[in-house]
Amino acid sequence: MKAFAYLPDGTAGWVEKERPHPSGYDAVIRPLLVAPCTSDVHNVAIGCLQPNRVLGHEGLGEIVEVGDLVRDFRVGDVVVVPPVTPDWRTVPSQLGAHQHCAGLITGQKLSNSEDGLMAEYALIRDIDANAARIPDGVTLEGAVLAADMLSTGLYGAELAEVQPGDTVVVMGIGPVGLMAVAGARLRGAGRIIAIGSRPKCVELARLYGATDIVNYKEGDVERQVHLLTDKQGADCSICAGGGPEALGQAAAMVRWGGTVGNVNYFTTYGDLPLNNVRFGFGMGNKTIRGGECPGGRARMERLLRLLQYGRVDPTPLITHRFTGLDQVEDAFRLMEKKPPALVKTMVAL
C-alpha cells in the first residue's frame, strides 16, 4: 500500500508498505479523511521517529477488517479515532495516566510507535476502546477536528480548571488555542483574553468567544494583560502555543492562587524559564498543570455530542481543503510553511 512517512534521510515522503491485518481486539480502517498536524511537522523536523514510520494521527475511516475479539464494531462502520490510542491494560492506564501507558507520551501511538493514518489502510489497536461511531448531525470534518483539536483545546481549559465567570488568558491562537478559547467558553468563562496576531486567527478567536485580543507585536504581553485585568492578573491561563518562554509567561499572567493549563508541545531539550518574582518566590499559590489530551472512546463520544447538539462547531478552522491521497503531501508541506492565512488543512481520501 502507498503511505506518507518519515524517511530514513530525515524528510517526509512516500513509501510502499504491506497492508496491515488485524487480530484480537484490533481492526483495520480505510482512511477517508485526514488532517496533517503541526505535531507531524515537528516530529519530522526534530527527527524523533523511526524510518518509514507512517505519519498522521488525525482522521477517520471505514472499517474493512476486524480481529476475532472485536465486539462492538463491524466491517463497514465509519469511525473516528483519537490520537491517543493506548494500551488500556497497563498499570499506568489503570492509575489514570493512559496517555503514558508504557512511558512518557506512549499513549499516542499513531505515527509515533505505530504507523499512522496517512495511508491506504491503517491498523487501529483495541478498537472497541479507541474509536467512536459518528452520530447523526455530525460532519466527517467536524468529527476529525473534535478528535484532536477540540479535545486538546478543551483539555487545556480542563487543566486550567476554568470556572463560571473566570477571566481566562489563552496564549497562542492556532487551531488548538482557538479550541481552547471555545473550551473556556463551554466551561463558563466570563472574559477570555486571546494572545495572537494573525488576522484569520484573531477573527476565529472572536467567533469562538474571545472578548479581548492581545497582540504580542504591540508590546510585552504580560504587561498588556496586567493592565487589562486592573493589575490583578487572570484567574487562569491556557498555554497553547509559543516558545520555551511561553509557560513562564502564562504563569506570570495569572493572579495569586491562579492556575495554568499547558497543552503546548515544547520541542526544546533545555529548561523552561519561570520568573521567580511573578511566581511569588515559590509562595504565590499558583498551580501549573501540563499534559497530553486524553484518548478513548468514552471521551470521543462526549466530544461528538458537543457537535451533535450545536455546542461548538470546529469546522471553521479549516482554511485549506484537498482531495486524494496524493494531496496529503501538499497539505503537509503547507503546514510546514505556515502561510498567514493558514489555520488547518483537511484531505479527503
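What this report covers is the structure whose coordinates are included nearby.

Parameters and conventions
Residues numbered from 1 in each chain as written. Predicted model: local features only at pLDDT ≥ 70, side-chain atom pairs only at ≥ 80, totals over all residues. Heavy atoms only, no water. Helix = DSSP H or I, 4+ residues; strand = E, 2+ residues; numbered from the N terminus. Buried < 20%, exposed > 50% of the residue type's maximum accessible area, 1.4 Å probe, protein only. Contact = heavy atoms within 4.5 Å. Expected span 1.5 Å × (residues − 1). Disulfide = S-S within 2.5 Å. Patch = residues over 30% accessible without salt bridge, like charges linked within 9 Å, V, L, I, M, F, W, Y side chains within 5 Å. Areas by Shrake-Rupley, 256 points an atom, 1.4 Å probe, with all protein chains shown as cover. Salt bridge = Lys/Arg side-chain N within 4 Å of Asp/Glu carboxyl O. Core = buried A, V, L, I, M, F, W, Y, C linked by side-chain atoms within 4.5 Å. Pairing = 2+ DSSP bridges. Axes fitted to C-alpha atoms, helices over the stretch in contact; angles between N-to-C directions.

### Some details on the environment of Ala 240
Relative to the helices and strands, Ala 240 resides in the loop between β12 (234–239) and α8 (246–252). Judged by its relative accessible area of 14%, Ala 240 is buried. Here the alpha-carbon distance between Ala 240 and Val 170, two residues 70 residues apart in the chain, equals 7.0 Å. Among residues more than four places away in sequence, those in contact with Ala 240 are Met 171, Gly 172, Val 176, Gly 177, Val 263 and Asn 264.

### Some remarks on helix α5 (residues 175–186)
Working note: α-helix, 3.6 residues per turn, so residues spaced by three or four point in the same direction. If you check α5, its first and last C-alpha atoms are 16 Å apart, about what 12 residues at 1.5 Å a residue would give, namely 16 Å. Taken across its 12 residues, α5 has 10 buried, putting it largely inside the fold. Here α5 has its buried residues at Pro 175, Val 176, Gly 177, Leu 178, Met 179, Ala 180, Val 181, Ala 182, Gly 183 and Ala 184. Contacts from the buried residues of α5 go to α4 (140–159), β9 (167–171), β10 (191–195), α6 (199–208), β12 and β16 (344–348).

### As for the state of the cysteines
Tallying each qualifying case throughout the model produces zero disulfides. Cys 236 supplies the cysteine sulfur nearest to Cys 239, a cysteine that is in no disulfide, at a spacing of 13 Å. Take Cys 293: it sits in no disulfide, and the sulfur closest to it among the cysteines is that of Cys 37, at 10.0 Å. Judged by relative accessible area, Cys 293 falls into the buried class, the value being 4%.

### Concerning a nonpolar patch on the surface
Together, Ile 46, Tyr 265 and Tyr 269 make up a nonpolar patch on the protein surface, roughly 360 Å² of accessible area in all. With respect to the helices, strands and loops of the structure, Ile 46 is situated in helix α1 (residues 38–46). For Ile 46, a relative accessible area of 35% puts it in the partly exposed group.

### Examining the nonpolar core
Ranked by internal contacts, the top residues of the largest apolar core, which has 54 residues, are Val 80, Tyr 208 and Leu 317. Looking at this core, the elements with two or more residues in it are α4, β9, α5, β10, α6, β12 and α9 (297–308). In this structure, Val 80 is in contact with Gly 59, Leu 60, Asn 130, Ala 131, Ala 132, Ile 134, Ala 143, Val 144, Ala 147, Met 300 and Leu 304, ignoring residues within four places of it in sequence.

### Points about the sheet that holds strand β14 (residues 287–290)
Overall, parallel pairing links the six strands, which are arranged β11-β10-β9-β12-β13-β14 in an open sheet. Both outer strands of the open sheet, β11 (212–214) and β14, are each paired with one neighbouring strand and no more. Between one strand axis and the next, the sheet turns through 20 degrees on average, direction left out of account. Summarising the sheet, β9 and β12 pair through four bridges and their orientation is parallel. Residue Val 168 lies in a different strand from β12, and its bridge partner there is Cys 236.

### A look at the pattern of salt bridges
Scanning all chains against the criterion turns up 20 salt bridges. As a salt-bridge pair, Arg 71 and Asp 128 come within 3.8 Å of each other at their nearest N and O atoms. Of this pair, Arg 71 sits in the loop between β5 (59–66) and β6 (78–81) while Asp 128 sits in helix α3 (residues 127–130), and the two are 57 residues apart along the sequence. Across the pair Asp 235 and Arg 255 runs a salt bridge whose closest N-O atoms are separated by 2.8 Å. Separated by 20 residues along the polypeptide, Asp 235 in strand β12 and Arg 255 in strand β13 (residues 254–262) bring together distant segments of the chain. When salt bridges that share partners are traced, they join Lys 17, Arg 53 and Asp 115 into one network.

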